[in-house]
Amino acid sequence: MSVTNTMKPSERMKIPRQSSIEQDPVERSRNFREVSLGLDEARAMVESTRCLECKNPVCIEGCPVNIDIRSFIQLVMDRDYAGAVRKIREANYLPAICGRVCPQESQCEAVCTMGKKHPSVAIGKLERFVADYETENNLFTPPVVPERRDEKVAIVGSGPAGLTCAAELAKMGYGVTMFEALHAVGGVLRYGIPEFRLPRTILDQEVERIKALGVEIYTNFLIGRTATIDELFDDWGFSAVFLGTGAGTPTFMGIPGESLSGVYSANEFLTRVNLMKAYKFPDFDTPIKAGRRVAVIGGGNTAMDAVRTSRRLGAEKAYLVYRRSREEMPARVEEVHHAEEEGIEFLLLTNPTRILATDTKWVKGLECQKMELGEPDESGRRRPVPIKGSEFILDVETVIEAIGQKPNPIIQATTPGLDVGKRGTVVTNDALATSREGIFAGGDLARGGATVILAMRDGKVAAQSIHEYISGKPVNKEQVRAEAV
Amino acid sequence: MNYELSRSGGHVHTIIEKEVLSPTITRYVIEAPFVARKRLPGNFVIIRLDETGERIPLTIVDGDKERGTITLIVQAIGKTTRALSLKNVGDTIADVAGPLGNPTPIEYHGAVACIGGGVGTAELFPITQALQKAGNTIYTIIGARSKDLIILEKEMGAISRDLYVTTDDGSYGRKGIVTDQLRDLLTSSAGIGAVYAIGPLPMMKAVSNLTREFGVKTLVSLNAIMVDGTGMCGGCRVTVDGKMKFACVDGPEFDGHSVDFDEIIMRNRTYVDLERVSNERCQSHAALQTEGGSTR
């Protein structure tokens, strides 16, 4: 039976928001262990009592996958942690991941009633706590999968969209086969997000849990090359295909010097470290030239991941160079905060213009110019304008560009009739159906660059649409989603 | 925790055949049914030997759809290629992904000069086969530092109207470099309509510089540094006709007259010192194996 929280709302508001236990900034900036250790049971209990148990729980609306947040927090208060995580898993199969990488501050916690006057309830940290508690105490039991249906669905890409779509369809009884181009499963969770934010043991465990639902996984299988989408239908007998191949193609600024040794895309830099474990060279074979003085260009989460990784690889000076101001940075507040604690130097309103070379074609420095904010541009953010004569040279030996990714074009190029938008994204309607019958798409491939949780949401929506499609129900063919610009 | 290895392309990649072609060059036939089914001349695979391995690109030399195998010819020069050369029939390779890259455009040019440098001859072989099938008259030039690095002479000879060999040290064939022979060919009455050159970057650069003088279309295959081989890392970026291209998805073959060879030559030196570290470890490991008489 439920414990009733007898405290009045005014009393609950007096309880301070519980903070995570974190590794010391100086120590952690030299290792790859997880930065945040999360809440312990005592703190989680206290935090759960801060929930105001609103009649209209707006937090649930704020969650892209509509987790029943009020109920799960209630279960935490009841000390039924396994029940709490089961409640979360009804809406989201990957709580240990979301509890770590979701931008809660702009979703559920942004609309939390407590948050109007006080710090909002630490929903994300509670989610992580119950997910970790479940693992530590071996409480996970896979959901009962209904009788296997005859129809098979192919999932292309094993990132957050694909993993979620696979889990949802497997739970409905479909035969699910997932195809991954790399040798390891997880997509951006594997090659992009560093270990210090998402430990690989957590990711491995979540992948195992997806496999426990009967999902079959082919690695080293690049759809478009190893087999085409049409072959998946015609030769393999899949009834539907979900495309969740993300936005994995790096973009470069186009400034002089980008071909020099010592210049990396953030994708390459992070892939070498995260997927290939170059930080353990020479025990692992993949090399990296991380550099003692490093400039990372960009202001998003990928830029934060890259610059914090370079610090861990031994950078004495790790600069983050961003052409707009702090307010415009797309990175999560928590990541910016962690980066600052770890000694990252922020060069804001600073625009790189040229990479300088040594005689042997290595990076010698990064020429930048100072910027000031002008009128708002089409994104609504104030446009940075160069200040004349403000050029200066940053003394660095490594330059990492983290200015955004776009979808890999291989599938679009090898699938006739699949409509592609301006930025290489696959065009979908609200049901995430593409222009080709039986093919659905979601995550960054359709969005062009968003978050893990929005990819998961797409995986869920697409799973439902695929179910309706296979069951013969009409999938909303109208309302083609306007191209996200 | 075997999910990484469990279903590499749905299969375990076992070495079915191994044949030593020269002291450092070995031919392998490897189980990879999905790759075998789709591969075309010019395609490559990315392989990773084991859990601690790096991903390296290797051009597919041949394939057998029925047997579900591909053929690779590899020179042991780096850590991974040396470690591969220590493997034997029955051993497995953790990961084989492909076929990657664009297949070679096979067109009718009349007479074609196919130029292979060192182990590049292996990569050139399937392309030459296809060009010959397309009706082209093939003139082949194989070049290497010395005689023991000349491979596939018989196979290439069988599909060529003429085959020439050059060695730097004169230990076999004509003493000199492939461009010496190519110049003769371009000025002869052979009527060379196109040149396909695969080998070390300086060789492809020299060939391209020469054919530019003669205005003969030249295709080269760029062996850039790659991690994923699927267009994801941008490590293999090369400048072609002043534009940034990714060798893995836009290539690996490009118009030799438009490639900035000096740039890719410098870029390919990025990890030279670290590669040496890796190599030394691999060699001492190999030495230990030999001393201990380990025959796994």
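Computed from a predicted structure; not experimentally measured.

Bringing the overall build of chain A into the picture now. Tallying secondary structure elements over chain A gives 19 helices and 18 strands in all. At 23 Å, chain A has a C-alpha radius of gyration in line with the 23 Å of a compact globule built from 485 residues. By its C-alpha atoms, chain A is 70 × 65 × 50 Å across when sized along the principal axes. Counting over 485 residues, chain A shows a buried share of 61%. Of the contacts formed within chain A by residues at least 6 apart in sequence, a portion of 69% connects residues at least 24 apart. Surface summary for chain A: the accessible area is close to 18,800 Å², and the carbon and sulfur share equals 50%. Positive and negative charge centroids in chain A, built from 62 and 66 side chains respectively, lie 3 Å apart.

A few words now on helix H12 (residues 200–211) of chain A. All names here are of chain A. If you check H12, its first and last C-alpha atoms are 16 Å apart, about what twelve residues at 1.5 Å a residue would give, namely 16 Å. A large share of H12 lies buried, amounting to nine of its twelve residues. All of the buried residues along H12 are Arg200, Ile202, Leu203, Asp204, Gln205, Glu206, Val207, Arg209 and Ile210.

Turning our attention to the confidence of the model for chain A. This prediction gives chain A a mean pLDDT of 93; 97% of its residues lie at or above 70. The model gives residues 477–485 of chain A a pLDDT under 50, and that stretch makes 22 contacts with residues more than four places away or in other chains.

Looking at chain B, the pLDDT average stands at 91 and 93% of residues meet or exceed 70. Quick note on the complex model: pTM equals 0.93, ipTM equals 0.92.

Attention shifts here to the interface of chain A and chain B. Interface size is often expressed as the accessible area that is lost when the parts come together. Listed per partner, the contact involves 54 residues of chain A and 53 residues of chain B. Of the roughly 4,500 Å² buried between chain A and chain B, counting both surfaces, carbon and sulfur atoms make up 54%. Linking chain A to chain B there are four salt bridges. In this structure, the salt-bridge partner of Glu231(A) is Lys38(B), at a minimum N-O distance of 2.9 Å. Seen at the junction of chain A and chain B, the total is 20 residue pairs in polar contact (both at pLDDT 80 or more). Along the lines of polarity and charge, the residues of the side of chain A that touches chain B split into 25 nonpolar, 15 polar and 14 charged.

Residue and element names in this part refer to chain B. Burial analysis of strand E2 (residues 25–31) places five of its seven residues in the buried class, the great majority of the element. The pairing of strand E1 (residues 13–20) with E2 spans five bridges and is antiparallel. The residue bridging Val20 from the neighbouring strand is Thr26, located in E2. In this antiparallel pair of consecutive strands, E1 and E2, the connection spans four residues. Bridge count for E2 against strand E6 (residues 69–75) is seven bridges, and the pairing is antiparallel. Within E6, the residue paired with Ile25 across the bridge is Gln75.

So, about the packing of aromatic side chains. Applying the stated criterion to the full structure yields 19 aromatic pairs over all chains. Relative to Tyr469(A), the ring of Phe440(A) has its centre 5.8 Å away and its plane inclined at 65°; by these criteria the two rings are edge-to-face. Highlighted residues: Phe440(A) in strand E18 (residues 439–441) and Tyr469(A) in helix H19 (residues 452–470), separated in sequence by 29 residues. For Phe440(A), a relative accessible area of 1% gives the class buried. With a relative accessible area of 24%, Tyr469(A) lands in the partly exposed category. Here the aromatic residues Phe179(A), Tyr218(A), Phe221(A), Trp236(A), Phe238(A) and Phe34(B) are joined through ring pairs into a cluster of three or more. Residue placement shows Lys152(A) over the ring face of Phe238(A); its charged tip is 4.7 Å from the ring centre.

Moving on to the packing of helix H3 (residues 41–48) of chain A against helix H5 (residues 69–77) of chain A. Residues and elements named next belong to chain A. In the contact formed by H3 and H5, the axes pass within 8 Å of each other and the chain directions differ by 125°. Between H3 and H5, the crossing angle belongs to the class labelled oblique. In this structure, the crossing between H3 and H5 has a hand that is left-handed. When H3 is examined against H5, the residues Ala44, Met45 and Ser48 are found in contact with a partner set consisting of Ile73, Val76 and Met77.

As a further point, take the sheet that holds E1(B). All names here are of chain B. With respect to topology, five strands assemble into an open sheet ordered E5-E6-E2-E1-E7, the strand pairing being antiparallel. The open sheet has two free edges, formed respectively by strand E5 (62–64) and strand E7 (92–93), since each of these has just one partner strand. As paired elements, E1 and E7 share two bridges and run antiparallel to each other. Bridge pairing in E7 places Thr14 opposite Thr92.

We now examine the side chain of Thr80(B). Mapped onto the elements, Thr80(B) comes out in helix H3 (residues 79–85). Within the structure, the side chain of Thr80(B) is placed 2.7 Å from the side chain of Glu54(B), a separation counted as a polar contact. Setting aside residues no more than four positions away along its own chain, Thr80(B) makes contact with Asp285(A), Leu49(B), Glu54(B) and Ile56(B).

Take the packing of helix H15 (residues 301–312) of chain A against helix H16 (residues 333–341) of chain A next. In a pair of packed helices, the angle between the axes and the distance between the axes together describe the arrangement. Residues and elements named next belong to chain A. Look at H15 against H16: their axes get within 10 Å of each other, and the N-to-C directions meet at 20°. Compared by their axis directions, H15 and H16 come out roughly parallel. The chirality of how H15 crosses H16 is left-handed. Across the interface between the two elements, Asn301, Met304 and Arg308 from H15 touch Glu335, Val336, His338 and Ala339 from H16. Looking at the contact of H15 with H16 residue by residue, the class counts come to three nonpolar, two polar and two charged.

Turning our eyes to something else, we now look at helix H10 (residues 160–171) of chain A. Residue and element names in this part refer to chain A. With twelve residues, H10 should reach 16 Å at 1.5 Å per residue; the first-to-last C-alpha distance of 16 Å fits that figure. Buried residues dominate H10, accounting for twelve of its twelve residues. Among the residues of H10, those classed as buried are Pro160, Ala161, Gly162, Leu163, Thr164, Cys165, Ala166, Ala167, Glu168, Leu169, Ala170 and Lys171. The positive-phi residue at the C-terminal boundary of H10 is Gly173, with phi of around 100°.

Moving on, we come to the pairing of strand E3 (residues 44–48) of chain B. Residue and element names in this part refer to chain B. Among the five residues that make up E3, five are buried, leaving the element largely enclosed by the rest of the structure. Of the two faces of E3, the one holding Phe44, Ile46 and Arg48 and the one holding Val45 and Ile47 are both buried throughout. In this structure, E3 lies alongside strand E4 (residues 56–59), joined through four bridges in antiparallel fashion. From the neighbouring strand, Ile47 faces E4, where its bridge partner is Ile56. Summarising the sheet, E3 and strand E8 (residues 95–100) pair through four bridges and their orientation is antiparallel. Within E8, the position partnered with Ile46 by the bridge is Ala97.

Rules of the game
- Along each chain, the written sequence defines residue order, and numbers are assigned to residues from 1.
- Following the order in which they are written, the chains are lettered starting with A and the ligands numbered starting with 1.
- At least 70 in pLDDT is required for a residue's local features to be given in this predicted model, at least 80 for side-chain atom pairs to be given and counted, and no such filter applies to totals for whole chains, interfaces and linings, which use all residues.
- Heavy atoms throughout the structure, all of them, feed into the side-chain values; hydrogens and water do not.
- Put simply, DSSP H or I for four residues or longer makes a helix, DSSP E for two residues or longer makes a strand, and each gets a number counted from the N terminus.
- A radius of gyration in this sense is built from C-alpha atoms; the matching globule rule multiplies 2.2 Å by the number of residues raised to 0.38.
- Per-residue accessibility, obtained with a 1.4 Å probe over protein chains only, is compared with the maximum for each type, and a residue is labelled buried under 20%, exposed over 50%, and partly exposed between these values.
- In what follows, a contact means two residues having at least one pair of non-hydrogen atoms within 4.5 Å.
- Each accessible area value is a Shrake-Rupley result obtained with a 1.4 Å probe; residue values ignore everything except the protein chains displayed when judging cover.
- The positive count covers Lys and Arg only, the negative count covers Asp and Glu only, and His and the chain ends enter neither.
- Every charge is mapped onto a representative atom, which is NZ of Lys, CZ of Arg, CG of Asp or CD of Glu.
- Multiplying 1.5 Å by the helix residue count minus one yields the expected span of that helix.
- Within a predicted model, pLDDT stands for the predictor's per-residue confidence, ranging from 0 to 100.
- We define buried area as the total accessible area lost by two parts upon association, computed with a 1.4 Å probe and summed across both.
- Here, a salt bridge means any side-chain nitrogen of Lys or Arg that lies within 4 Å of a carboxyl oxygen of Asp or Glu.
- Polar contacts, as counted here, are pairs of nitrogen or oxygen atoms within 3.5 Å of one another; within protein the pair requires one atom able to donate a hydrogen and one able to accept it, and residues that are adjacent in sequence qualify only if both atoms are side-chain atoms.
- Nonpolar residues are Ala, Val, Leu, Ile, Met, Phe, Trp, Tyr, Cys and Pro. Charged residues are Asp, Glu, Lys and Arg, and all others, Gly as well, are polar.
- Strands qualify as paired when DSSP identifies two bridges or more between them.
- Here a Phe, Tyr or Trp ring, Trp counted by its six-membered ring, pairs with any other such ring whose centre lies within 6.5 Å, and the pair is stacked when the planes are under 30 degrees apart, edge-to-face when over 60, and tilted otherwise.
- Only Lys NZ and Arg CZ are tested; either one counts as a charge over a ring when it is within 6 Å of the ring centre and within 35 degrees of the ring normal.
- Axis definition: a line fit to C-alpha positions, over the contact stretch in the case of helices; interaxial angles, taken between N-to-C directions, run 0 to 180 degrees.
- Here the angle decides the label: under 35 degrees means roughly parallel, over 145 means roughly antiparallel, 65 to 115 means roughly perpendicular, and every other value means oblique.
- Crossings are assigned a handedness: left-handed for a near helix turned anticlockwise from the far helix by less than a right angle, right-handed for a clockwise turn.

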